[in-house]
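Residue-level structure breakdown
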Amino acid sequence: MGRTSKYGRCATEYLYLEITLVRRNEQLKQANNSSQQYSDQLNQLNNQINQLKDQINQDNSNLQNQAASYQNQLNALNQQKTDVTNQLNQANQDKASMAQQISDLNSKLTAAQQKTDELSQAVTDAQQTKDLSDDAVNATK
């Protein structure tokens, strides 16, 4: 009977080990399923990260293009500002030159007016002299 008991105990241990093995296999399958789920989630997250990186790169490229466009516009405006400033400076120089020409013409006009006044006075004096001379000639007649 000792043998039967030994076989019975071996069979019991074998069944216990078989059940444990089946349980471990089930746990392993669940762990593999969980691992696959985590791997799938990780792949999805990596895909999302890559999409975000691509979007960031595209946005950065767009921003760089906009910045370059704005810089070009700013450069054009600065050039226009320089041109207008140069035109204003030239206009101010022309204005000063014209003011000087007007001043010179006013001086010449004043001198001409004085000459005209002197000539007018000379004509008046000559007329008076002529009148006196005419009166003297008429008085001697």
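Heads up: the structure comes first, above all this text.
Notes on the structure follow. (Residues numbered from 1 in each chain as written. Predicted model: local features only at pLDDT ≥ 70, side-chain atom pairs only at ≥ 80, totals over all residues. Heavy atoms only, no water.)

When helices and strands are tallied, the chain shows one helix and zero strands. The C-alpha radius of gyration computed for the chain amounts to 59 Å, which surpasses the reference 14 Å derived for 141 residues by more than 25%, pointing to a less compact arrangement than a globule. Here the chain holds 141 residues, and the buried ones make up 0% of them. Of the roughly 12,800 Å² of accessible surface on the chain, a fraction of 54% belongs to carbon and sulfur atoms. One finds the centroid of the 13 positive side-chain charges in the chain at a distance of 30 Å from the centroid of its 15 negative side-chain charges. (Helix = DSSP H or I, 4+ residues; strand = E, 2+ residues; numbered from the N terminus. Rg over C-alpha atoms; globule rule 2.2 N^0.38 Å. Buried < 20%, exposed > 50% of the residue type's maximum accessible area, 1.4 Å probe, protein only. Areas by Shrake-Rupley, 256 points an atom, 1.4 Å probe, with all protein chains shown as cover. Lys, Arg positive; Asp, Glu negative; His and termini not counted. Charge placed at Lys NZ, Arg CZ, Asp CG, Glu CD.)

Let us look at the pattern of salt bridges. A full pass over the atoms with the stated rule returns two salt bridges. Between Glu26 and Lys29 there is a salt bridge, and its shortest N-O distance comes to 3.9 Å. With Glu26 and Lys29 both in helix 1 (residues 2-140) and three residues apart, this pair spans about one turn of that helix. According to the relative accessible area criterion, Glu26 is partly exposed, its value standing at 40%. Since its relative accessible area comes to 48%, Lys29 is described here as partly exposed. (Salt bridge = Lys/Arg side-chain N within 4 Å of Asp/Glu carboxyl O.)

Turning to a nonpolar patch on the surface, a few remarks are in order. Taken together, the side chains of Tyr14, Leu15 and Ile19 make up a nonpolar region of the molecular surface, amounting to roughly 330 Å² of accessible area. Inspection of the secondary structure puts Ile19 in helix 1. On the basis of relative accessibility, which here comes to 45%, the residue Ile19 falls in the partly exposed class. (Patch = residues over 30% accessible without salt bridge, like charges linked within 9 Å, V, L, I, M, F, W, Y side chains within 5 Å.)

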